[in-house]
There are 4 protein chains.
Amino acid sequence: MKNTFGHSVSLTLFGESHGPAIGGVIDGLAPGIPVDPQAIRRLLDRRRPSTALDTSRREADDFRILSGVFQDKTTGTPLCIVLPNQDQRSGDYEKNRGLARPSHGDYAGFCKYHGYEDYRGGGHFSGRVTAALTALGAILLSALSGIGVSLGTHILRCGGVEDRDFVDLKQDIAWLNQAFFPVLEESRGEQMAAAILAAKEAGDSVGGVVQTGVIGLPPGLGEPWFDSVEGLLSHALFSIGGIKGVSFGAGFQLAECRGSQGNDAMRMEQGRVITLTNRNGGVNGGITNGMPVLFQCAVKPTPSIAREQQTVNFLTGENAILRIGGRHDPAIIRRICPVVDSVTALVLCDLLAQRFGTDVFTKGIAVCNMD
Amino acid sequence: MKNTFGHSVSLTLFGESHGPAIGGVIDGLAPGIPVDPQAIRRLLDRRRPSTALDTSRREADDFRILSGVFQDKTTGTPLCIVLPNQDQRSGDYEKNRGLARPSHGDYAGFCKYHGYEDYRGGGHFSGRVTAALTALGAILLSALSGIGVSLGTHILRCGGVEDRDFVDLKQDIAWLNQAFFPVLEESRGEQMAAAILAAKEAGDSVGGVVQTGVIGLPPGLGEPWFDSVEGLLSHALFSIGGIKGVSFGAGFQLAECRGSQGNDAMRMEQGRVITLTNRNGGVNGGITNGMPVLFQCAVKPTPSIAREQQTVNFLTGENAILRIGGRHDPAIIRRICPVVDSVTALVLCDLLAQRFGTDVFTKGIAVCNMD
Amino acid sequence: MKNTFGHSVSLTLFGESHGPAIGGVIDGLAPGIPVDPQAIRRLLDRRRPSTALDTSRREADDFRILSGVFQDKTTGTPLCIVLPNQDQRSGDYEKNRGLARPSHGDYAGFCKYHGYEDYRGGGHFSGRVTAALTALGAILLSALSGIGVSLGTHILRCGGVEDRDFVDLKQDIAWLNQAFFPVLEESRGEQMAAAILAAKEAGDSVGGVVQTGVIGLPPGLGEPWFDSVEGLLSHALFSIGGIKGVSFGAGFQLAECRGSQGNDAMRMEQGRVITLTNRNGGVNGGITNGMPVLFQCAVKPTPSIAREQQTVNFLTGENAILRIGGRHDPAIIRRICPVVDSVTALVLCDLLAQRFGTDVFTKGIAVCNMD
Amino acid sequence: MKNTFGHSVSLTLFGESHGPAIGGVIDGLAPGIPVDPQAIRRLLDRRRPSTALDTSRREADDFRILSGVFQDKTTGTPLCIVLPNQDQRSGDYEKNRGLARPSHGDYAGFCKYHGYEDYRGGGHFSGRVTAALTALGAILLSALSGIGVSLGTHILRCGGVEDRDFVDLKQDIAWLNQAFFPVLEESRGEQMAAAILAAKEAGDSVGGVVQTGVIGLPPGLGEPWFDSVEGLLSHALFSIGGIKGVSFGAGFQLAECRGSQGNDAMRMEQGRVITLTNRNGGVNGGITNGMPVLFQCAVKPTPSIAREQQTVNFLTGENAILRIGGRHDPAIIRRICPVVDSVTALVLCDLLAQRFGTDVFTKGIAVCNMD
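Keep in mind that this is a model prediction, so the values were computed, not measured.

With 45 residues of chain B at the interface, the matching set in chain C holds 45 residues. In total, about 3500 Å² of surface goes out of reach between chain B and chain C, with carbon and sulfur atoms giving 64% of it. Viewed at the interface, chain C and chain B are joined by zero salt bridges. Linking chain B with chain C are ten residue pairs in polar contact (both at pLDDT 80 or more), by the criterion used here. Those elements that place two or more of their residues in the side of chain B that touches chain C are β2 (10-15), β3 (21-27), β4 (64-65), β6 (73-74), β7 (79-84) and α3 (106-113) of chain B. With five residues, β2(B) is the largest single contributor of residues to the side of chain B that touches chain C.

Okay, the packing of aromatic side chains next. Tallied over the entire structure, the rule returns 34 aromatic pairs over all chains. An angle of 45° between the planes, with centres 6.0 Å apart, marks the rings of Tyr107(A) and Phe314(A) as tilted. Of this pair, Tyr107(A) sits in helix α3 (residues 106-113) while Phe314(A) sits in the loop between β17 (309-313) and β18 (318-322), and the two are 207 residues apart along the sequence. Members of the aromatic cluster, connected to one another through ring pairs, are Phe5(A), Trp225(B) and Phe226(B).

Before going further, it helps to spend a moment on the pattern of salt bridges. Under the defined criterion, the tally for this structure stands at 72 salt bridges over all chains. Between Arg355(A) and Asp359(C) there is a salt bridge, with its nearest N and O atoms 3.3 Å apart. Taken together, the residues Arg355(A) in helix α9 (residues 333-356) and Asp359(C) in the loop between α9 (333-356) and α10 (360-363) connect one chain to another. You'll find Arg355(A) and Asp359(C) in the same group, each marked buried. In this structure, Glu230(D) and Lys244(C) form a salt bridge, with 2.9 Å as the shortest nitrogen-oxygen distance. With Glu230(D) in helix α7 (residues 229-237) and Lys244(C) in strand β11 (residues 243-248), this pair bridges two chains. On the basis of relative accessibility, which here comes to 4%, the residue Glu230(D) falls in the buried class. Residue Lys244(C) is classed as buried on the basis of its relative accessible area, which comes to 2%. Each of Arg41(A), Asp45(A) and Arg48(A) takes part in one network of salt bridges that share partners.

Right, let's talk about the relation of the copies chain B and chain C for a bit. Between chain B and chain C, the superposition needs a rotation of 180° and an axial shift of 0.0 Å, giving an RMSD of 0.0 Å. The relationship between the two copies is best expressed as a two-fold rotation axis. Considering only C-alpha atoms, the residue of chain B closest to the rotation axis is Thr12(B), which sits at 4.1 Å. Comparing interface residues between copies, 100% of those in chain B also sit at the interface in chain C, which points to an isologous, same-surface contact.

What follows covers the relation of the copies chain A and chain B. When chain A is fitted to chain B, the best match, at an RMSD of 0.0 Å, comes from turning it 180° and sliding it 0.0 Å along the axis. By residue overlap, the copies meet face to face through one surface: 100% of the interface positions of chain A are interface positions in chain B.

So, on to the sheet that holds strand β3 (residues 21-27) of chain A. Residue and element names in this part refer to chain A. Read from one edge of the open sheet, five strands run β1-β2-β3-β7-β4, paired in antiparallel fashion. Two strands lie at the open edges of the sheet, namely β1 (4-5) and β4 (64-65), each paired on one side alone. Note that β3 and strand β7 (residues 79-84) share six bridges and pair antiparallel. Residue Ile26 lies in a different strand from β7, and its bridge partner there is Leu79. Taken strand by strand, helix α4 (residues 129-145) contacts β2 (10-15), β3 and β7, and its axis lies near 30° from that of β3.

A common measure of how large an interface is: the accessible area buried when the components associate. Tallying the contact residues gives 105 residues for chain A and 105 residues for chain B. A combined buried area of about 8600 Å² lies between chain A and chain B, and 58% of that area is made up of carbon and sulfur atoms. Considering only the side of chain A, the residues that lose the most area to chain B are Trp225(A), Phe226(A) and Lys244(A), jointly responsible for 12% of the buried surface there. Taken together, chain A and chain B are joined by six salt bridges. Taken together, the residues that form the side of chain A that touches chain B break down as 50 nonpolar, 39 polar and 16 charged. Bridge count for strand β11 (residues 243-248) of chain A against strand β11 (residues 243-248) of chain B is three bridges, and the pairing is antiparallel. Paired with Ser247(A) across the two strands is Gly245(B), which belongs to β11(B).

Conventions and cut-offs
Residues numbered from 1 in each chain as written. Chains lettered and ligands numbered in written order. Predicted model: local features only at pLDDT ≥ 70, side-chain atom pairs only at ≥ 80, totals over all residues. Heavy atoms only, no water. Contact = heavy atoms within 4.5 Å. Buried area = accessible area lost by both parts, 1.4 Å probe. Salt bridge = Lys/Arg side-chain N within 4 Å of Asp/Glu carboxyl O. Polar contact = N/O pair within 3.5 Å; in protein donor to acceptor, adjacent residues only side chain to side chain. Helix = DSSP H or I, 4+ residues; strand = E, 2+ residues; numbered from the N terminus. Phe/Tyr/Trp six-rings, centres within 6.5 Å; stacked < 30°, edge-to-face > 60°. Buried < 20%, exposed > 50% of the residue type's maximum accessible area, 1.4 Å probe, protein only. Least-squares fit on C-alpha atoms with pLDDT ≥ 70 in both. Pairing = 2+ DSSP bridges. Axes fitted to C-alpha atoms, helices over the stretch in contact; angles between N-to-C directions. Nonpolar A, V, L, I, M, F, W, Y, C, P; charged D, E, K, R; others polar.

In structure tokens:
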């Protein structure tokens, strides 16, 4: 389905960095969910470039809801949000036309679109498209929150600095949902910011690892083949530009340990099945087991850097040296967190709607699931 | 779509470990592709438990093609293969009914299927189902090979031992496709086997990391949002039981380096655009760039171990101690390689058919893509 | 998705008329639904050729459930049924190889499958495949019946004879579900049978119109664009070979009348909204309105007739005269009714599962829908 | 997928009659297709209410392309068009809130959306949404026309008047594509217009039957189960409000004749297989056979009529009398023709892209299909 993801609840994205607007459509979300423009604003602000750590392109991220909302609630019909593009300086890009930015989608996109692609600012490959995703994500997150599912993402590692792990997920998530720089240990955030600025000054960029935690999901979500929780989440997450790895629970570390160390022992606690550790990240056999869902995404360093790079001009077929003008982020790791949250919310809304029906978002899981 | 994956070329799986049979259906594959029972046999043999490193369950993996093949070629209509189950000892499982094997799908499956699931031997969650996937995978791999796309998977790390990296992909892939123990450096394989046996003797199990390389793909495959090459591959790969992480190119290591180190410089070589390194694993912006596609999967240690484990009886709601009988693998890392190949072949067949049409498999990419 | 239909509950078909077996897979159906082999047998018997009105090919329609059923109930995992082919006389077809049977899929199939298709007996285009659909349909119908949704199909017109319209739907449906010759007025059935035999004696065939009624559906099913109830039902119904028209409620007659005649006046009745007439067939704006869903399918006369026909040999590119041997139905109108029921059940199960979640089939609509 | 249709080429619709805007997104269409705003304008004008035969609501149908077009050609990324709503008089609807318009989607929508729907002017059920579909349809039609596929729709019957049948399809289609009142025999159009006005004066409305012809399609499109050409077309066509029947070729008349009358005899003509008649509408076994594709849609009379009607107030649960104010069409039969063309174009683009790959629209079928 290309630019659409999800079956029961789906999301479609459109737009190019330097076209008239970007936007997206949510379909299949239940009627009656409150839509709060302030909540959309807040999530957009967490993604919006606004500091010395970010690109100097400044977009107001004004948004307009074109459909699917009536009297401040979802109607249940397709909900379209559009964000006009404003601060475009296409000239920055015209002069580099044909010069592939290494490790960016320019050349791959040229092969796919045969030169008809809107190459200005990365076109449809631009991170700008994630603003539309984030605006819609705010509504999905609010639908989840209404039934007791909450989630948050922090920068686990960046520039050689490591944040602390989740401790009290409920509190940590609440903190992250209002944090401008999403780390659990503020001093680590300051060290990360310093590392990002150092890279920027060196004409370079950094990547990092972000970690997401989800609480409130019922056990029994997902399908063993092929729509496992891990499969669906990773499918959506890898759409985010720059993500090159996704792992669940202890992830690649699990590969290094023995079964007796990797298995999560199980216990009854207050009539509920829990695991004493959560190295499997809340998913067994592709299905949620009632424990928090935990995963990590590896984010590569922003490929657009100020330093000279060896590249090719794919229009002329010649080798070339690239000196990027334009405006770029020395790190997208801070700004990617609300995007990861949005994509996660999409997958979870879809899974919940498939399992419990459309009305789960207004009636709640307990009611839909009652025995 | 649950147990079906793919749009243009799709695959559906069915069956339980101790039911009458497992099997699957491929749909959308072009007519006229040669189907060689020996090739199916060979791939099945690479997955089949047969040594002291594997479970002692011995299945002949006899298979029968029920449809979609006529005069030794695909017809283009749905191709169903069925493999009867033979060596079942369900009694092994009956006595542990309700006792969740930690980090296995038992409890999550119970929550999903409300106790109606066929719990014997893991039921539909069983690794046994991958035999059907492998039988179908052999046909998909042969379709790819007919148009010059080949791929192979090796054990990159297992039990603290590391295989060498790919050097000459064409040669390495050819080697892996006939290797019983899929490593590039045979002595490392022997060390890995020793580590697996050591774990087995300790009543324990090990995991590992497998790495896959694909050559021959044209640039321009994949969709930026949401059907990126990474997204589709990971979606399918995470369906394989035990995989807890998927990464492309340098994967999580990319997160630790700067842009100037992570970017792949580009050059013209014999009129073709190449990259001097391949840290992005052949995919930029979600689209193939013409370089080999490279990815890793983290495989957790087999959760079924002989040691006593703390668990619960989810039927009675009581804590319990689990001593697993049954027959289990101390490591599935060897047997998972042809399964990873099969899943990869499915995703690639689907991407190629979407891009170039159904007939790509008989006419070739060059013809379909000609300018 | 080609040979798969449905999202939340889906069905995949495979097999050719003269291959080893035909079969199909249901996926997404709730766990815990009773599976009664006798009910499958009964529905198969209503489709099975067995009288002078039918083809003389006699298949036992033995079936085997390979997966998805445990202790006589659905497990919730994919349910595969296979029916071996037995009474094949492929020789009948070999001699006509290349001679397109007019208005049959031979030539269109050749264009699609480039000559690799299994041409014997129509291959995958054969009505034989509907036996697999019917076996699975029996399970879907039983899932619906468990939550109070029932449906039946009668021959409305055949060979110039017209059956009476539905009067008391509940009673009429009960009658049809056990009728061997599905008409509401038995004497009309006898006249139809006579007309069919007359056509047969003339080396010819007849078509007809079948009408289906569904009761027990809640209002609010379906999606305005594009998954309207009419759209989904017609999509699935047109898959049945020979159906060339589908209409809802008064159908094409609605096109001839004025709004004041075509509109269904609405009234309250015992606290429920009803319409005084049902010319819209229970669907408004693509959504069920709580009235019975009613539709008609136009079935063309069986294209295989004994009379000589002008045709071509598409292998040699020459004009030719066709004299069909083989064994054929002078009318499929009787046998198509359980197939229409099965396809209808598939669409309804899918719609219900999407709206109310997987568990609707065990918990019921009222519980899932409660306010 | 609710408001999205198509796999390889898909279309998503959004918007409500009295919301800020309606619009839609095409995805998967090849890069490089010329986009001519005048062609969009012309198709919109054929749908736009503008005469005494239409509703008095007057929308300028201004449209804005937000994405997917660069330098007047498609980029291959999602193409979004938005049409602001302008001439809204919501007050007309407020006073009838809760009063179900008989045979309209009001009550069914209320059951689905639980009262959160935007009830003004039919909301998302409004025919207004078809303006977005038509704007996108113009682009799809142009993609088809670029590879030699053309199609047109005429009013076959309306108000007791019958248009002549297609004679020379190429010429007839060319005529229809520029006709304001789409009939093949102008005098019949005048009689139809008179019948529509007579109904209007009587406070009533009329329906009719439209017929569509498609030429230039290659044989071999479609899938036997379930994505037959008939199934896909009908699925999409039934989404159009007011369509209650779809039939192919001779349609319901086929049901009345014998095989010897209904079969289309086949002949070689200039090296090509043709049929002497086309009672099957160019489709056999669900697959195109190379003859023109022909189908009819039954359009019910507009349910909104000026006459008093018996209805219910579904908010209060009381019987009521409805006198509709607002502005309505005495017939939508003229305006529906470009909408039918648009929907048909969507299905055909999707089928062609699936069969021959994305590039079929720029390289042509012959090239993609060459042997």
